Amino acid sequence: MADSLGRFRLNLSADTATLAVSFIGYQTKEVRASVARSLDIELEASSSQLSEVIVSIGYQQLPKERATGSFAQVDQKLFNRSVGPDVISRLADVTPGLIFNRGIVKPGSQTNISIRGQSTIFAKADPLIVLDNFPYTGDLNAINPNDIESVTVLKDAAAASIWGAQSANGVIVITTKKAAYEQPLRVSLNTSLTVTQKPDPFYLPRMSSSQVIDMEQLLFSRGYYKTAENSPGKPALTPVVELLIAARDGKISAGSADAQINALRNVDVRNDYRKYLYRNSVNQQYALSLQGGGKASRFHLSAGYDKGLSSQIGNSSERVTVSANNDLTLLKGKAELSTGVYLTRQRMIDNALGLSYFNLTSTSAVYPYASFTDESGNPARLSHYYRNSFLDEAASKGLLNWGFVPLDEMGYRNYQTRQLDYRINTGLRYKILPGLSAEGLFQYTGSSSRGWRQQNQKSWTVRDLVNRFTIASETGLVRPVPVGDVLDQSAVDVSGYFARAQANFEKTILEKHQLTAIAGAEVRDLGTKSNAWRSYGYDDALGSFQQVDYLSTFKSYINPASASNRIPQYGGMSSLTDRFVSYYANAAYTFDGRYLISASGRKDMSNLFGVNANQRGVPLYSVGVGWNVHQEKFFHARWLPQLKLRATYGYNGNIDRTLSAYTTAYYSIASQTEIGLPYSLIRNPPNPDLRWERVRMMNFGVDFKTAAGRVSGSIEYYIKKGFDLIGDAPLAPQTGLTSYRGNTANTSGRGIDVLLTSNNFQGKFSWQTQFILSYASIKVSKYLPKSSNLRGDYVVSANGYPTQGRYLTGMYSLPSAGLDPENGDPRGWLDGKVSKNYSALLAVADLNSLVYHGSSRPLVFGGLRNTVSWRNWSLSANIGYRLAYYVRLPSVLYSQVLTGVTAHGDFSKRWKQPGDELLTHVPSMPASTNTNRDLFYTGSQDLVERADHLRLQDIRAGYSWNAVSSGSFIRDFEIYAYAANLGVIWKEMKGSLDPDFVDTTPPQRSISLGIRANF
């Protein structure tokens, strides 16, 4: 018998012998053996047997052959194909039905993943994460990917309903590594270095410096800046405007002003962004593990260290992970005791300055010709928030220096977060009778996060705060905000436990009847406490701070007419408790390896539902059937040795933790309100009929494999309906509220998941292709409230407005009649006629008057991965695709152009003369600001395009080596290179923008080098 590594030793009675080597799922192989000779025997997968793939659902592990549900498994080899510090990103484009919603992160979500479409409107929309048999609600960055053994995605009711009210969005089950019994000591090392290109500040098109200067000169000639010159708020003006004022007032000559202005036309602040704010990011990853086992025990120890330098200068991160798990068999093998400890410590430094920090004013971005240095390369002062003349006058009166020097600011922050995450697991399994066992599992989990955001007193933010509240009196200056650092601190502590008692039964009766069942109960109690506070006048050396008056109002030093200003207060506290009690059961029956029946049921109860007893819990269930056709005697298709049909039906649940059956309200203390008094604002009225969301799913699937495993795969079709979804509903005005959120919405959808694997060549040279195709369509079937602002709810909103019969995430626009050939004005349709009455065009009252394009999220998506190998070398490439969805492109706003603000680069494509309407859809520049004209154009169908595209997601190359002799110190190793985010290779949309990143910078290309070795 071989050990866990497949090694064995035989004593031969003759000089030579014939050995027959076999293993489940592989072809038996006969080899000639001789005395004192070592052999390496490689078995080939059998085409006549089902692959014994084991899937984990978090409560039990079962062979995929005996499963009726929809599972997608990412094994360790596929998981490790990608390189990165996190777990979830490695699932992109390798799992049917799973998509990353790029650029969309719902507050409170762990991920931006959807499985088989979005199953809710307002509740939690991302899948449940299960880590080592328990739900994981913590920081996913705390999980070391080097500790992961496999990931299983549960997609339908039969697979996921065992998780009840948390499973409507799908479930991702993550299993960490464990050793095997009687396994020799193995030491594993993995280290990698990833370098990512710095962000491209030129990616998003915008007006050039010269164009902006031309507009400033035009606006100045019209007297536009007179209002700002005379404003009591002393708003900052750009250097060009200041030069024009100086020339007008005779302080400098017109020629000197023109020369200085023209010199600025070739300056682009984005070059300084690239030089001083961005860098190539670098991530280092080191992981070491030891595992082994004897007859009665096994252990796995691991440690990891990650260090990352962000692409934004000033940001970095560190992570240390330590884990240890141990299993002991007791009572002559009748009992098994399992323990595990997992610890992660993270430190995140966030000292980078965002681009908004350099703004000219609170509403205007920095002028495009700004420069962070002077001609000599010394740090330069920028116009920032207030006019330079006012700042110089204030300094002469004893106020703190109010100047803004970007390069100096970069050293005045100390923003960091320290976080400790831990999990302590223990479990005991006892074999009561053959086939019958009982187990108890317990986990204590917690997280402690401490935020420290210290702004040095030399920073512009602190100096501005001190100066704005300074009071000039005859006796001197009084500073209600003291000189000193400003320190914001926060603390978030999460702790709780999970406990589970479960009975397991597995029995084969008369060789043909196989029954597997589990039943159990579990409880969960998770508490979160957070608080935050601010300290003014903080002294780092003494650890002291000064008290300030938060209740009194003060005059602004900048504009004394503004007399109702309060010193900003940062802070608050909250306490949340989440309790669950659940009962569940699952059973599966197999007859003669041919016919499969499965059923599961679960009831969850939560403290969030507490008025009507019958609403506190929700029963959820599923049933499934399967047929292994290839096991039938009448089935003789040699070209198709594996064929399985399956179908499932059931309900999953979801919960919106922002709602409760009781009245909920926000409470604000006096210093945080405009009236100086505490008050509460009702968040949601009482709703004793509040219920859990439910999603019903039917799934039909076929699994197959052709002869010699040449082609294998699965095809699934599902129907999905959401009931009692959380939605808005109107209320009578006399209640004091206009609407409330409750169980008022329904959705319906359908989709297809296809996974095909083709072994094109096998042998020393091999070539494998894997193709993934998913189609997911979710529409609204019920939603009570009607929109009273069609343009705002349908056009301005990123995902439209829930509308019966339409996609849940719809794309709408205003119908366009093109540009006016005489003057380049945008035109629309009003009552069937071409119109330029923009206020009427925006006040659209009929939903059918809007253009409904379709979904704003991909309806069709997937990937194509090819892997070729020759001897010890391998090369693979993954192409992802997204089809059948629309995106709204940003464009120029003349309300920005005509107020001196740097606008979108489409300004260069604008209509300038008759005939241009045949070449562009960008309107001409109007003589004056016309906000409605801008709103109509940016909401028109001219800016909506199909976002279909193909993307070269990554390429991986590697060289691997396996030891020939069992006594070799190095068992195996691999050297690999991995390149990711390689760019779009085809798109239907015109222009240079990435369809998934039209208003933000896309992820940059990265290259990773690594070594993985086992000793």
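Residues numbered from 1 in each chain as written. Predicted model: local features only at pLDDT ≥ 70, side-chain atom pairs only at ≥ 80, totals over all residues. Heavy atoms only, no water.

- Under an unreviewed UniProt entry, the protein has the name SusC/RagA family TonB-linked outer membrane protein and belongs to Dyadobacter endophyticus.
- In its Subcellular location (unreviewed entry) section, UniProt records this for the protein: "Cell outer membrane".
- The UniProt entry for the protein carries the following comment under Sequence similarities (unreviewed entry): "Belongs to the TonB-dependent receptor family." (UniProt positions renumbered as here; feature names shortened; annotations may be inferred.)

Points about the overall build of the protein
Move 1: For the protein, the count of helices and strands is 14 helices and 46 strands.
Move 2: Relative to the globule expectation of 31 Å for 1015 residues, the C-alpha radius of gyration of the protein, 33 Å, shows essentially globular dimensions.
Move 3: For the protein, the spread of C-alpha atoms along the principal axes amounts to about 110 × 70 × 60 Å.
Move 4: Going through the 1015 residues of the protein one by one, you find that 49% of them count as buried.
Move 5: Across the protein, every contact between residues at least 6 apart in sequence was considered, and the portion connecting residues at least 24 apart equals 69%.
Move 6: Counting only carbon and sulfur atoms, one obtains 55% of the accessible surface of the protein, whose full area is about 47300 Å².
Move 7: Charge separation in the protein, taken as the distance between the mean sites of 106 positive and 85 negative side-chain charges, equals 4 Å. (Helix = DSSP H or I, 4+ residues; strand = E, 2+ residues; numbered from the N terminus. Rg over C-alpha atoms; globule rule 2.2 N^0.38 Å. Buried < 20%, exposed > 50% of the residue type's maximum accessible area, 1.4 Å probe, protein only. Contact = heavy atoms within 4.5 Å. Areas by Shrake-Rupley, 256 points an atom, 1.4 Å probe, with all protein chains shown as cover. Lys, Arg positive; Asp, Glu negative; His and termini not counted. Charge placed at Lys NZ, Arg CZ, Asp CG, Glu CD.)

Here we look at the packing of aromatic side chains
Move 1: Within this structure, the stated rule accounts for 44 aromatic pairs.
Move 2: For the ring pair F442 and Y497, a centre distance of 6.1 Å and an interplane angle of 15° mean the geometry is stacked. One end of the pair, F442, is in strand β18 (residues 436-455); the other, Y497, is in strand β21 (residues 485-509), with 55 residues separating them in the sequence.
Move 3: Classification of F442 as partly exposed rests on a relative accessible area of 35%.
Move 4: Three or more aromatic residues joined by ring pairs form one cluster here, namely Y273, Y276, Y357, F358, F372, Y385, Y386, F390, W402, F404, W460 and Y557. (Phe/Tyr/Trp six-rings, centres within 6.5 Å; stacked < 30°, edge-to-face > 60°.)

Focus: a nonpolar patch on the surface
Move 1: Together, L328, L330, L331, L428, Y430, I432 and L433 make up a nonpolar patch on the protein surface, roughly 610 Å² of accessible area in all.
Move 2: At the level of secondary structure, the elements contributing two or more residues to the nonpolar patch comprise β15 (315-330) and β17 (413-433).
Move 3: Summarising the element assignment, L433 is placed in strand β17. (Patch = residues over 30% accessible without salt bridge, like charges linked within 9 Å, V, L, I, M, F, W, Y side chains within 5 Å. Salt bridge = Lys/Arg side-chain N within 4 Å of Asp/Glu carboxyl O.)

Concerning empty space enclosed by the protein
Move 1: Counting across every chain of the model gives eight cavities of 30 Å³ or more.
Move 2: The calculated volume of the largest cavity comes to roughly 170 Å³.
Move 3: Ranked by residue count, the leading element in the lining of the largest cavity is strand β33 (residues 765-782), at three residues.
Move 4: Of the residues contributing to the lining of the largest cavity, the split by class is eight nonpolar, seven polar and one charged.
Move 5: Its volume calculated, the second largest cavity comes out at about 150 Å³.
Move 6: L62, T68, A158, N586 and S598 are the residues nearest the centre of the second largest cavity, which is lined by 16 residues in total.
Move 7: Ranked by residue count, the leading element in the lining of the second largest cavity is strand β25 (residues 595-606), at three residues. (1 Å grid on protein atoms, 1.4 Å probe; cavity = no way out; pocket = protein on both sides within 12 Å on 5 of 7 lines; lining within 4 Å. Points joined across faces, edges and corners; volume = space filled by probe spheres on them. Nonpolar A, V, L, I, M, F, W, Y, C, P; charged D, E, K, R; others polar.)

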